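Summary of the model geometry
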Amino acid sequence: MQSIYKGIFIIAMLIGSSQFVSAQVDPPGVSVNPELEGIFTSKVPKEYTIAGITVTGSRAFDANLIISISGMAVGDKVIIPGTDVFGKAIAKLWRQSLISDIEIFLTKLEGTDLYIEFAITERPRLASYKFEGIKKAEREDLEPKVALTKDRVVTENMKLSAIEAIRKFYFGKGYRNVDIQLKEEQAPALNNAVTLVFVINKGKKVKVNSINFSGNESIAGQKLKKQMKSTKEMNRITLFPVVVKNPFGDTVTRPEFKEYIKDVGFMSISKTRDYVDPYFRIRGFSGAKFNEVKYVDDKEQVLDYYNSRGYRDAVIMNDTSIYDERNNLNLFIQVNEGRQYYFGNIVWRGNTKYNDSLLNTILGIKKGDVYNLDILNKRLGKQLSPEGADIGSIYMDDGYLFFNVDPVETAVYNDTIDFELRMREGPQATYGVITISGNKKTKDYVIRRELRTIPGEKFSRSDIIRTQRELGQLGFIDAEKINPQVVPNAENGTVDINWEIEEKSGDQLELSAGFGGGIGLTGTLGVSFNNFSIKNITKRSTWDPLPSGDGQKLSARIQSNGKAFRSYNFSFTEPWLGGKKRNSFTIGYSNTKYANAYDNFGTYCKSCGDTSYIKTASFNISLGKQLKWPDDYFNLIYALNIQRYKLRNYDNIFQGIRNGTSTNISLKIALVRNSAGPNPIFPTSGSNFMLSGQFTLPYSLIGLTSVSSNNYKLPEFHKWRMNAEWYVPIGMARGEEKNKQFILKIAAKYGFIGRYNKKLEISPFERFQVGDAGLSNNFALLGYDIIAHRGYPVYDKSNPRINPDGITPTQFFTIFNKYTMELRYPFSTSAGSTIYGLAFFEAANGWYDFKTYNPFKLRRSAGVGLRFFLPMFGLLGFDYGIGFDRYNNTSGLKGAAKFTFMLGQEPE
C-alpha cells in the first residue's frame, strides 16, 4: 500500500539553505511508489492539493506551531514542478532559529491529494553555562552581562552575543588581547540540552605607553594630554631629551634606550622603542589602561578644549596606535588646529525686563575675547549651574520659566565673529500642583515644610536648588537621589513639580569596647534616631523599631566600666517647634561618674571608686530661630547650660581641692550661617560660619562670691568662638564624573576665654584642649572644647614646642587658633556608604594669655586620611599626619609622625 512508503522523495535537506533540492531515495527493503516518483519526472507541471501535513522530530514545540511558521496549510494548492513553496517553508522555519535541520518528505499521493512530512531536528536548549580561567569575582560580574537564560534555545547569535559581551567587559578593563574559546558539552541528565563553557584567557593588560600629538603648533601636547581624562600614559621618569619626528620617520635616539629593563624595587622601567618619546615608563601604580570607547570620548574632549581656546575649526586628521614589545600602546594623534577666532560685536534683541548694559555685565564677554561657544552658552544659562551667575538664572529667579535666548552668528570676518542674542522673555510663571513621592516612612508634612516651591507663588529656579539642599540636610533623605520633576504648563503659565525622593536610614548604632584611660575595659552602647516621632510613642503599631516619620531626633548613649566609670547621655530635638516656623528646640541630660581606680600605693582597686570619685550632672536646653536678614541661611541659637560637679576624695582635677561641689551655669548665644551642601556628610559647595559667645554671671562683681572664696564653686567666665569653613569644587566635572570631583575645604577657627574680674584666675572650666584626634578624656568633664590637630599629641605647657606622646595635661589653653586646608575626593557618595579620601595641611597652636599670644607661631602638620560614613555606625576616620615642628635629627620622620583614629563625628 502507498501509505507504508515513507521518504520516497527528499524535497529539501540543506541546513541553512532556502534552495529547493530534490533527490531520490531508495530505503532498504522499500519499493518505490511510481506515482510519487513521477511527480518530479513529469515534464508537464501539475497542480496538487496539500491534503495532510505531519511533523516528526519535534520534542519541545507543538506540531501546529511548526506548520504555522512554515506558512503551509492543508488545502493549499501547489504546482510541481514550478512552485518553490517548499523552499519558502524551509526559509521561514530557519529564520526562527528553532531548528538545526529540516527535511520535507512526500509520503502519499491520492489522486491530486498530496501528503507531506516535516522531519525536523530541534536546536539544543541551554542547560547551564560556566566560565573557566578567571576568578570567582569576575565570574559574578560577567553573569549579568552575558544575559544567558537557562532553557532557552541555543542559537549562533546567542553564542556570538555572549562572547562579544565578555570581550567588551575585558576590553573595558584594559585586556585587549583576551582570548575566548567556546565549548558545548552535552548535558548528561537532559535530552537535547547543552552546557556552554567559556574558556577565557585574559592575557596581559594593554596600557598606554605614550600619547604623541603632531600638528599642534599653538597648544602644547602636555596640555592636550590633560584633557584626556580616561586615557593616560604610564608614569614616567625623564632621562635625557630625544627628538621624535613621527612614528614612521627617522628618530634621534641614544643607544641606552634599546636596553632592556632595570628593576627598581616593586616597579620596573620598560624597554623603549625608537619611535616613542624620550622617557622610560614605570609599571606600577598607573591608571594607563586603554579603553577604546573612552578613548573616542577623550578625543572629543581634546577638540572641545580647542574650541574653548577659539579654535572652532580644529579637527583630528588621523590617529594611529602601535604596539611595542610589551604589548603596550603608543598613540599618535595628528590634529589640524585651524584659525583662532575672537568675539566681535554682541547685540541684544527682544529684551524688555533688563537693559543691554546689565545683560552685558552679567554675560561678561567683551569684543576681542577668545571665542568660546561653551562659555557663551553657560553665561546665557543654556547649561544651568548651581551658582546661578548667568542670564537664564536672573530671568528664572524672577518667574520667567519660559525664557529663551538663541545666539545667532551674524557675521564672520577674518578671525572675528559677531553675534546677535535673540531673546524671548515670555510670561512669568507661578507654581501649580506640588506633589511628593517616594516617602514611605516620613510623613508628607515633614517634607512639605522644607519645600520653597509654594503653590501660587512666583516660580524661581533658586527655590528648587535651595529645596534640594534643605531636603538633603535632613539626614534621612538621600541627597543624591532628590529629583524635582518639573512640568511646565505654557497654556496657563504654571509649573507643576513632583518632588521624587528616596529615603535612607539615618539611624545609627554604636556598640564598642575599649581598654585604657586608667580604668580598664569600658563598653559603649549608643543609638541615634534621626527621623523619630514622639507623637506616636504610645501607638505600638508605629514602632519599627521605634515610632518614626516626624523628623525629630532622639539619641541615647551609655558607657560603663562598672564602678570605675559610667556615663549616661540623652538628647531630643524638635526641628520645627510648633510646626509653623523653623524654630528648633533641644533638651539634653547627661550624668557621669569617674572614680579613682587606684589606691594610695598606685595599685588598681575597683572598690576605691566608692570613696574617691567625681560626679557630674548636666542639663541643657536650647532654642534656635531662623532669621530672614541678612538672608535665611542665618540662625540665632540660645542655649542654657547647667552643670554640677561633685568631688569626694578626688584630687586629680583641681589642684589642692579634694572635696566639694561646683555649679557652672552659662548662657550661650550663637549666630550661625550654613549654606554648605547639598550632602551634609560630603559638602561640595557653600560655607559654614559660626560666631558664639558664652557667659556666666559675674558673681564676684555683684557680690555673690568673694575673691578670697573658693573660685570653683561658681565659676565665672566669658567665652568666644568663631568657626569658618568654605567648600570649593576644583576643576570642571563632566558627564558621569560630576560626583567624582575634587573638593577643597578651607577652615579657620578661633577661641578665647576671659574673666570679668582681673583679680581672679581664668576659670579652669570651658578651656581649649588642642592636639591629637579630638577625642575626649576625663578632663572633658570640665567642658573643654576639644580641638583636633593631626600629627600632634595633646599640647602640654611643660613642653611647649615638641609635644611628646603620653603627656597628661594639667592645664589647657585660654586662646587657640587653627587653620586647615583639605583636598577631598569622593570614592562613593551613595546612601549606603559615603567614602572619601583626603590630603590635609594644618597649622594650630594654643596660648595661656595675650602676653604670649603670637598668631604667627603655629605648629604645622600635613598628611593623608580616609573617611567612611555608614548609616548604622556613623563616621569612621583614619589620619596619618606628620608634625613638622616635632621633627628632629634623633627620632627622624618616625618620631614626627602620628596615626589618629576618629569615631562618631568629624572633630573640630
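Residues numbered from 1 in each chain as written. Predicted model: local features only at pLDDT ≥ 70, side-chain atom pairs only at ≥ 80, totals over all residues. Heavy atoms only, no water.

1. Let's talk about the side chain of threonine 494
Operational definition: Only DSSP runs of H or I with at least four residues qualify as helices, and only runs of E with at least two residues qualify as strands; both kinds are numbered from the N terminus onward. Polar contact criterion, stated in full: a pair of N or O atoms within 3.5 Å, where within protein one must be able to donate a hydrogen and the other to accept it, and residues adjacent in sequence count only if both atoms are side-chain atoms. Should any heavy atoms of two residues lie within 4.5 Å, those residues are considered in contact.
Of note, threonine 494 is situated in strand E22 (residues 494-500). Here asparagine 492 takes part through its side chain, which lies 2.8 Å from a polar atom of the side chain of threonine 494. The residues contacting threonine 494, other than those within four sequence positions of it, are Phe402, Thr430, Gly432, Val487, Pro488 and Asn489.

2. Considerations on the sheet that holds strand E16 (residues 329-336)
Spelled out, the test is: A strand pair is defined by DSSP finding two or more bridges across the two strands. Fitted lines through C-alpha atoms give the axes, limited to the stretch in contact for helices. The angle between two N-to-C directions lies from 0 to 180 degrees.
The strand order E10-E16-E15 describes an open sheet built from three strands, whose pairing is mixed. Each edge of the open sheet is held by one strand with a lone partner, namely strand E10 (208-214) and strand E15 (315-323). Neighbouring strand axes in the sheet, compared pairwise and without regard to direction, differ in orientation by 15° on average. As paired elements, E10 and E16 share six bridges and run parallel to each other. Counterpart to phenylalanine 213 in the pairing with E16 is isoleucine 333. Strands in contact with helix H7 (residues 292-308) are E10, E15 and E16; relative to E15, the strand with the most contacts, it is inclined by about 140°.

3. Considering the packing of helix H4 (residues 136-146) against helix H5 (residues 156-172)
The criterion, for reference: Roughly parallel refers to an angle under 35 degrees, roughly antiparallel to one over 145, roughly perpendicular to one between 65 and 115, and oblique to any angle outside these ranges. Handedness of a helix crossing follows the sense of rotation of the near helix relative to the far helix, less than a right angle counterclockwise being left-handed and clockwise being right-handed. The nonpolar class holds Ala, Val, Leu, Ile, Met, Phe, Trp, Tyr, Cys and Pro. Asp, Glu, Lys and Arg form the charged class, and all remaining residues, Gly among them, are polar.
In contact at an axis separation of 9 Å, H4 and H5 are set at 130° when each is read in the N-to-C sense. Relative to H5, the element H4 lies oblique. For H4 against H5, the interelement crossing comes out right-handed. Only Ala162, Ala165, Ile166, Phe169 and Tyr170 of H5 make contact with H4, whose side of the interface consists of Glu138, Asp141, Leu142, Lys145 and Val146. Residues that form the contact of H4 with H5 fall into these classes: seven nonpolar, no polar and three charged.

4. Description of the sheet that holds strand E8 (residues 179-186)
Across the sheet, three strands lie side by side as E7-E9-E8; this open sheet has mixed pairing. Strands at the two margins of the open sheet, each flanked by one partner only, are strand E7 (125-132) and E8. Going from strand to strand, the sheet's axes swing by 20° on average, the running direction of each strand aside. In this sheet, strand E9 (residues 193-201) lies alongside E8 in antiparallel orientation, the contact comprising eight bridges. By the bridge assignment, glutamate 185 is partnered in E9 with threonine 195.

5. Describing helix H2 (residues 63-70)
What counts is decided by this rule: Relative accessibility decides the category of a residue: with a 1.4 Å probe and only protein chains considered, values under 20% of the type maximum give buried, values over 50% give exposed, and everything between is partly exposed. Here, the arc refers to the directions that run from the helix axis to the C-beta atoms.
Of the residues making up H2, those classed as buried are Ile66, Ile67, Ile69 and Ser70. Seen end-on, H2 carries its buried residues on one side only, within an arc spanning 165°. Opposite its buried face, H2 presents the exposed residues Asn64 and Ser68, each directed more than 90 degrees away. With a side-chain oxygen positioned 3.0 Å from the backbone nitrogen of asparagine 64, the residue opening H2 is aspartate 62. Just downstream of H2, glycine 71 is the residue with a positive phi angle, here 85°.

6. Observations concerning a positive patch on the surface
Worth spelling out the cut-off: For patch detection, residues must exceed 30% relative accessible area and be free of salt bridges, and they are connected within 9 Å for like charges or within 5 Å for nonpolar side chains (Val, Leu, Ile, Met, Phe, Trp, Tyr). Using the Shrake-Rupley algorithm and a 1.4 Å probe, accessible areas are obtained, with residue cover drawn only from the displayed protein chains. Should a side-chain nitrogen of Lys or Arg be within 4 Å of a carboxyl oxygen of Asp or Glu, the pair is scored as a salt bridge. Counted charges follow a simple rule, with Lys and Arg positive, Asp and Glu negative, and His plus the chain ends left uncounted. Where a charge lies is defined by one atom per residue type: Lys uses NZ, Arg uses CZ, Asp uses CG and Glu uses CD.
Side chains of Lys145, Lys168, Lys173, Lys205, Lys289 and Lys294 sit close together on the surface and give a patch of like positive charge. Relative to the elements of secondary structure, lysine 289 occurs in the loop between strand E14 (279-283) and H7.

7. Examining the pattern of salt bridges
Applying the stated criterion to the full structure yields 36 salt bridges. Here glutamate 470 ties to arginine 452 by a salt bridge, and the two come within 3.7 Å at their closest N and O atoms. Of this pair, glutamate 470 sits in helix H12 (residues 461-472) while arginine 452 sits in the loop between helix H11 (444-448) and H12, placing them 18 residues apart in sequence. Here the two residues glutamate 470 and arginine 452 agree in accessibility, since each one is buried. With its nearest N and O atoms 3.7 Å apart, the salt bridge here joins glutamate 842 to lysine 818. With glutamate 842 in strand E37 (residues 834-847) and lysine 818 in strand E36 (residues 815-829), the pair connects residues that are 24 residues apart, well separated along the chain. The exposure class assigned to lysine 818 is buried, which follows from its relative accessible area of 5%. Three or more residues joined by partner-sharing salt bridges are found here, namely Glu450, Arg452, Arg466, Arg469, Glu470, Arg582 and Asp632.

8. Focus: unusual backbone geometry
The amide bond that connects tryptophan 629 to the next residue, proline 630, takes the cis arrangement and shows omega of 0°. Among the secondary structure elements, proline 630 is positioned in the loop between strand E28 (613-626) and strand E29 (634-648). Here the bond from glycine 677 into proline 678 is cis, since omega is 0°, no more than 30 degrees from zero. Here proline 678 shows up in the loop between strand E30 (660-674) and strand E31 (686-695). The backbone phi angle of alanine 147 is positive, close to 55°, even though this residue is not glycine. Even without glycine at this site, asparagine 414 takes up a positive phi of about 55°.

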